[in-house]
Amino acid sequence: MNLMETTLVVRQHTRAERELAEQLRFEAALSRGVLASVPGKVAVVDRAGTVIRVNDAWSPGDLVAGGSEVAVGASYLDVCRAAASSGPASQEMAQGIEAVLAGGHPSGFRMEYPSPLPSGERWHELAVQPLQCPEGGAVLTFADCTADWDTSLMESAICSTEAEACWISWFC
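Below or above, wherever it landed, is the structure these notes cover. Model, not experiment: these values are computed from the prediction.

## Section: the pattern of salt bridges
Then comes step 1: Counting across every chain of the model gives four salt bridges.
Then comes step 2: The salt bridge partner of Glu22 is Arg25, with a shortest N-O separation of 3.0 Å. Of this pair, Glu22 and Arg25 are both found in helix H1 (residues 3–37), three residues apart, which corresponds to roughly one turn of the helix.
Then comes step 3: Of the charged contacts in the structure, one is a salt bridge between Glu125 and Arg110, with a shortest N-O distance of 3.8 Å. One end of the pair, Glu125, is in strand E6 (residues 120–130); the other, Arg110, is in strand E5 (residues 109–117), and 15 residues separate them in sequence.
Then comes step 4: Using a relative accessible area of 53% as the deciding quantity, one classes Arg110 as exposed.

The structure is reproduced here in structure tokens:
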């Protein structure tokens, strides 16, 4: 190979590296953009249950399971396991996430759970989907469904009151 051929090969190799680097930057930006565009709070955990990324809806300290804060780099599963003694929701959450990570729930896992706060009880829905990549992991999405529960409780109270009114009027 002469000097001109070597120079051509080096230029082609350098151009290919630049194109690859540009493609990787684009894909990383696209990944961040998609995650930032998802409404609600999203956390991505690796195969071991460690939080590796969150979306922009999260604030520091928002990753809460059983009252404990979880930061990126910490194990969400460990926090759920530790909080299992405080209530069945944390235990169910840990078991559901573990099952998805182990491949036991290929279609995912969903649950609703209460979060007692000083301002009143809030209800949340957790959806866990397997992360579609060779390394494995899962995507956890959290949505506030308190309004759904409030409506459901109100409807239940109305039905209960109507049933009592019907029962009373029948016997009067």
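## Observations regarding the packing of helix H2 (residues 76–83) against helix H3 (residues 88–101)
Then comes step 1: Running from N to C, H2 and H3 cross one another at 145°; their axes reach a closest spacing of 7 Å. Seen along the crossing, H2 lies across H3 with a hand that is left-handed. Facing Tyr76, Leu77, Cys80, Arg81 and Ala83 of H2, the residues of H3 in contact are Ser90, Met93, Ala94, Ile97, Glu98 and Leu101.
Then comes step 2: Grouping the amino acids of the contact of H2 with H3 by side-chain chemistry returns eight nonpolar, one polar and two charged.

## Quick look at the pairing of strand E2 (residues 51–54)
Then comes step 1: As defined by bridge partners, strand E1 (residues 41–45) adjoins E2 across three bridges and the pair is classed as antiparallel. By the bridge assignment for E2, Val45 is matched with Val51.
Then comes step 2: Linking E1 to E2, which pair antiparallel, is a turn of five residues; within it Gly49 sits at a positive phi near 95°.

## Considerations on the nonpolar core
Then comes step 1: Grouped together as the largest cluster of nonpolar side chains are 22 residues, with contacts concentrated most on Tyr76, Met93, Ile97, Leu126, Val128 and Leu140.
Then comes step 2: Among the secondary structure elements, those contributing two or more residues to this core are E1, H2, H3, E5, E6 and strand E7 (138–144).
Then comes step 3: The dominant element in this core, judged by the number of residues it contributes, is H3, at five residues.

## Digging into the pairing of E5
Then comes step 1: In this sheet, E6 lies alongside E5 in antiparallel orientation, the contact comprising nine bridges. In the strand pairing of E6, Ser115 is matched with Arg122.
Then comes step 2: A loop of two residues connects E5 with E6, the two strands running antiparallel in sequence.

Rules used throughout
Residues numbered from 1 in each chain as written. Predicted model: local features only at pLDDT ≥ 70, side-chain atom pairs only at ≥ 80, totals over all residues. Heavy atoms only, no water. Salt bridge = Lys/Arg side-chain N within 4 Å of Asp/Glu carboxyl O. Helix = DSSP H or I, 4+ residues; strand = E, 2+ residues; numbered from the N terminus. Buried < 20%, exposed > 50% of the residue type's maximum accessible area, 1.4 Å probe, protein only. Axes fitted to C-alpha atoms, helices over the stretch in contact; angles between N-to-C directions. Left-handed = near helix turned anticlockwise from the far one by under 90°. Contact = heavy atoms within 4.5 Å. Nonpolar A, V, L, I, M, F, W, Y, C, P; charged D, E, K, R; others polar. Pairing = 2+ DSSP bridges. Core = buried A, V, L, I, M, F, W, Y, C linked by side-chain atoms within 4.5 Å.

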